[in-house]
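Structural features, examined
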Amino acid sequence: MSPSRKIVREDSNAFWKKAQEFRALMESAKEQEQWNSVGLAAVHCAISANDALLAFFAGRKASGSDHREAVGLLIEHVKSPETKANSEHLKRI
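Below you will find a few notes about this structure. (Residues numbered from 1 in each chain as written. Predicted model: local features only at pLDDT ≥ 70, side-chain atom pairs only at ≥ 80, totals over all residues. Heavy atoms only, no water.)

**Topic: the nonpolar core**
Spelled out, the test is: Nine residue types can take part in a nonpolar core, namely buried Ala, Val, Leu, Ile, Met, Phe, Trp, Tyr and Cys, and a core is a set of them joined through side-chain atoms within 4.5 Å. Only protein chains enter the accessibility calculation, which uses a 1.4 Å probe; a residue whose area is less than 20% of its type maximum is buried, one above 50% is exposed, and one in between is partly exposed. We count a stretch as a helix when DSSP gives it H or I for four or more residues in a row; a strand needs E for two or more, and each element gets its number in order from the N terminus. Whether two residues are in contact is decided by their heavy atoms, any of which lying within 4.5 Å being enough.
With six residues, the main nonpolar core is built from Leu54, Ala62, Ala70, Leu73, Leu74 and Val78. Top contributing element to this core by residue count: helix 3 (residues 69-77), with three residues. Not counting residues within four places of it along the chain, the set of residues in contact with Ala62 comprises Pro3, Ser4, Ala70 and Leu73.

Structure (structure tokens):
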């Protein structure tokens, strides 16, 4: 089991907002051909989006230092046919 902590479901809104901010930053960096910034913003966008899903569906947040552990939490707590397949994208990011 991956380390996590309990949070309130409403925290999902803050994590989703953060993911959207990173997405906007990624798009802005892309327009300026700042590829390192695009990549870094994409990684943070994916992490924040995963945090939003975990908060909303499980009331949990990964608490380990390795962000890859959050993928295991997603699979463990979000029981959906799409979760396992889509979590492979997150693993690669």
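**A word on the side chain of Arg60**
For clarity, the cut-off: Positive charge is attributed to Lys and Arg, negative charge to Asp and Glu, and no charge count is given to His or to the chain ends. A carboxyl oxygen of Asp or Glu within 4 Å of a side-chain nitrogen of Lys or Arg is what we treat as a salt bridge.
Structurally, Arg60 is set in strand 2 (residues 60-62). Although buried, Arg60 forms no salt bridge, and the nearest oppositely charged side chain, Glu76, lies 7.4 Å from it. When neighbours within four sequence positions are excluded, Arg60 is seen to be in contact with Ser4, Arg5, Lys6, Ile7, Leu54, Ala55 and His77.

**With respect to the pattern of salt bridges**
What the rule picks out here adds up to four salt bridges. Residue Arg23 pairs with Glu27 through a salt bridge whose shortest N-O separation is 3.2 Å. Taken together, the positions of Arg23 and Glu27, both in helix 1 (residues 11-31) and four residues apart, correspond to about one turn of that helix. On the basis of relative accessibility, which here comes to 40%, the residue Arg23 falls in the partly exposed class. The class for Glu27 is partly exposed, based on a relative accessible area of 37%.

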